[in-house]
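Here is how the chains run, residue by residue.
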Amino acid sequence: DGGITQSPKYLFRKEGQNVTLSCEQNLNHDAMYWYRQDPGQGLRLIYYSQIVNDFQKGDIAEGYSVSREKKESFPLTVTSAQKNPTAFYLCASSIVRGGRGSNQPQHFGDGTRLSIL
Amino acid sequence: SQQGEEDPQALSIQEGENATMNCSYKTSINNLQWYRQNSGRGLVHLILIRSNEREKHSGRLRVTLDTSKKSSSLLITASRAADTASYFCATDTTGANNLFFGTGTRLTVIP
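The structure displayed is predicted, hence computed values, not measured ones. (Residues numbered from 1 in each chain as written. Chains lettered and ligands numbered in written order. Predicted model: local features only at pLDDT ≥ 70, side-chain atom pairs only at ≥ 80, totals over all residues. Heavy atoms only, no water.)

Caption draft 1: Representation of the overall build of chain B. Helix and strand counts for chain B stand at zero helices and 11 strands. Mapped in sequence order, the helices and strands of chain B form the string β-β-β-β-β-β-β-β-β-β-β. On C-alpha atoms alone, chain B measures out to a radius of gyration of 13 Å, which is about the 13 Å that the 2.2 N^0.38 rule sets for 111 residues. With the C-alpha coordinates of chain B rotated into their principal frame, the extents come out at 45 × 30 × 20 Å. Looking at chain B residue by residue over its 111 residues, the buried ones come to 45%. Intrachain contacts of chain B at a sequence separation of at least 6 include 56% that bridge at least 24 residues. Carbon together with sulfur atoms contributes 45% to the accessible area of chain B, which is approximately 5,100 Å² in total. In chain B, the 12 positive side-chain charges and the 10 negative ones have mean positions that sit 4 Å from each other. (Helix = DSSP H or I, 4+ residues; strand = E, 2+ residues; numbered from the N terminus. Rg over C-alpha atoms; globule rule 2.2 N^0.38 Å. Buried < 20%, exposed > 50% of the residue type's maximum accessible area, 1.4 Å probe, protein only. Contact = heavy atoms within 4.5 Å. Areas by Shrake-Rupley, 256 points an atom, 1.4 Å probe, with all protein chains shown as cover. Lys, Arg positive; Asp, Glu negative; His and termini not counted. Charge placed at Lys NZ, Arg CZ, Asp CG, Glu CD.)

Right, dumping it as C-alpha cells:
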C-alpha cells in the first residue's frame, strides 16, 4: 500500500542534542512538507520541498534543518538551537500541479511526538 | 496570520444528529480543504472546494464556500461515534505555495 511512514513514533531529546525525524513516502509525490502541531493550535509549516535538492522555509524554520536528496525521503533535524522542541511533528506529501503543491490534497504520516528529557 | 479560524473550538452532539463546523479566513484563496485528525494520528483529507464552487458533497459531508464572506462550513449529517475527531480547514491562498491550516474544531459524538 502506498503511503507515508514517519519514524520513530516517539522521540526524546537531551539538552544540546540534535535529533532527526524520518519521513519516507512511496506515493511518487514531488512535494513534501513538515509541520509542527502544538496543543490547541493548528499546524504550522516548518519546511517544504517541491522537488529534489530544493526546499523552502516555512513560517517557523528557525532551529530546524531539512534535506531532500531523494524524492522519497525528507528528513527533519531538530537542532539544539530549537529551544522549545516538544511538539507533535507531521510530515505530508502531495503531487505538484501547475508548479504548485498547495492546490492539491496532502497525504499525512502518523506523526512523531518529540519530548525533552 | 493567514491561518483560518474554526468555530466552534469544540462541539459535542448525540449520535444521529448533524454537526456543523465553520471556517473563516483572511485572504483570497484558490481553494479550501477540510481535513480530519483522530487523536494522536495524522490528518486525513476529506474534501477540496475551489474558489469558483459554492457547494460540494461527499457521502455524509457537505461543504459550502462563501468567498464574499471569506468563510466555509462543513456539515456532517447523521453523525456516528466514529466521526469523533478534530476537523481542520486549510486554505490555498493566492501567491503562496503552501496550505495554511486553521486551529481546528474538536467534535465529540456521543453514542
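Let us keep going from here.
Caption draft 2: Region of the structure containing the sheet that holds strand β3 (residues 19-25) of chain A. All names here are of chain A. Read across the open sheet, the four strands follow the order β1-β3-β8-β7; overall the sheet is antiparallel. Edge strands, defined here as strands with exactly one partner in the open sheet, are β1 (4-7) and β7 (64-66). When strand polarity is set aside, the average angle formed by the axes of neighbouring strands in this sheet is 20 degrees. (Pairing = 2+ DSSP bridges. Axes fitted to C-alpha atoms, helices over the stretch in contact; angles between N-to-C directions.)

Caption draft 3: The arrangement of the environment of Thr91(B) in detail. All names here are of chain B. Residue placement: threonine 91 occurs in strand β9 (residues 85-93). Take threonine 91: its relative accessible area is 1%, and that puts it in the buried class. The spatial distance from the C-alpha of threonine 91 to the C-alpha of glutamine 14 is 30 Å, given a sequence separation of 77 residues.

Caption draft 4: Here's a closer look at the interface of chain A and chain B. Chain A puts 25 residues into the contact, and the matching count from chain B is 24 residues. Summing both partners gives a buried area of about 1,800 Å² for chain A against chain B, and 48% of it is carried by carbon and sulfur. In terms of surface lost to chain B, no three residues of chain A exceed Leu43(A), Arg100(A) and Ser102(A), which account for 25% of the buried area on that side. Remark: the boundary between chain A and chain B carries one salt bridge. Notably, a salt bridge pairs Asp110(A) with Arg41(B), separated by 2.9 Å at the nearest N-O pair. For the interface between chain A and chain B, the tally reads five residue pairs in polar contact (both at pLDDT 80 or more). Those elements giving two or more residues to the side of chain A that touches chain B turn out to be β4 (31-37), β5 (43-51) and β9 (87-94) of chain A. Among the elements that take part in the side of chain A that touches chain B, β5(A) stands out by supplying five residues, more than any other. A breakdown of the residues in the side of chain A that touches chain B according to their chemical character gives eight nonpolar, 11 polar and six charged. (Buried area = accessible area lost by both parts, 1.4 Å probe. Salt bridge = Lys/Arg side-chain N within 4 Å of Asp/Glu carboxyl O. Polar contact = N/O pair within 3.5 Å; in protein donor to acceptor, adjacent residues only side chain to side chain. Nonpolar A, V, L, I, M, F, W, Y, C, P; charged D, E, K, R; others polar.)

Caption draft 5: Looking closely at a nonpolar patch on the surface. A grouping of Tyr10(A), Phe12(A) and Leu117(A) is seen on the molecular surface, where their side chains present a nonpolar patch of about 380 Å² in accessible area. Using a relative accessible area of 52% as the deciding quantity, one classes Tyr10(A) as exposed. (Patch = residues over 30% accessible without salt bridge, like charges linked within 9 Å, V, L, I, M, F, W, Y side chains within 5 Å.)

Caption draft 6: Up close: the sheet that holds strand β6 (residues 55-58) of chain B. All names here are of chain B. Pairing in this open sheet of five strands is antiparallel, and the strands run β1-β3-β8-β7-β6 from one edge to the other. In this open sheet, the two strands that pair with only one neighbour each are β1 (5-7) and β6. Put simply, the sheet's adjacent strands are angled 15 degrees from each other on average, direction ignored. Across six bridges, the pairing between strand β7 (residues 61-66) and strand β8 (residues 71-76) is antiparallel. The partner of aspartate 66 across the bridge, within β8, is serine 71.

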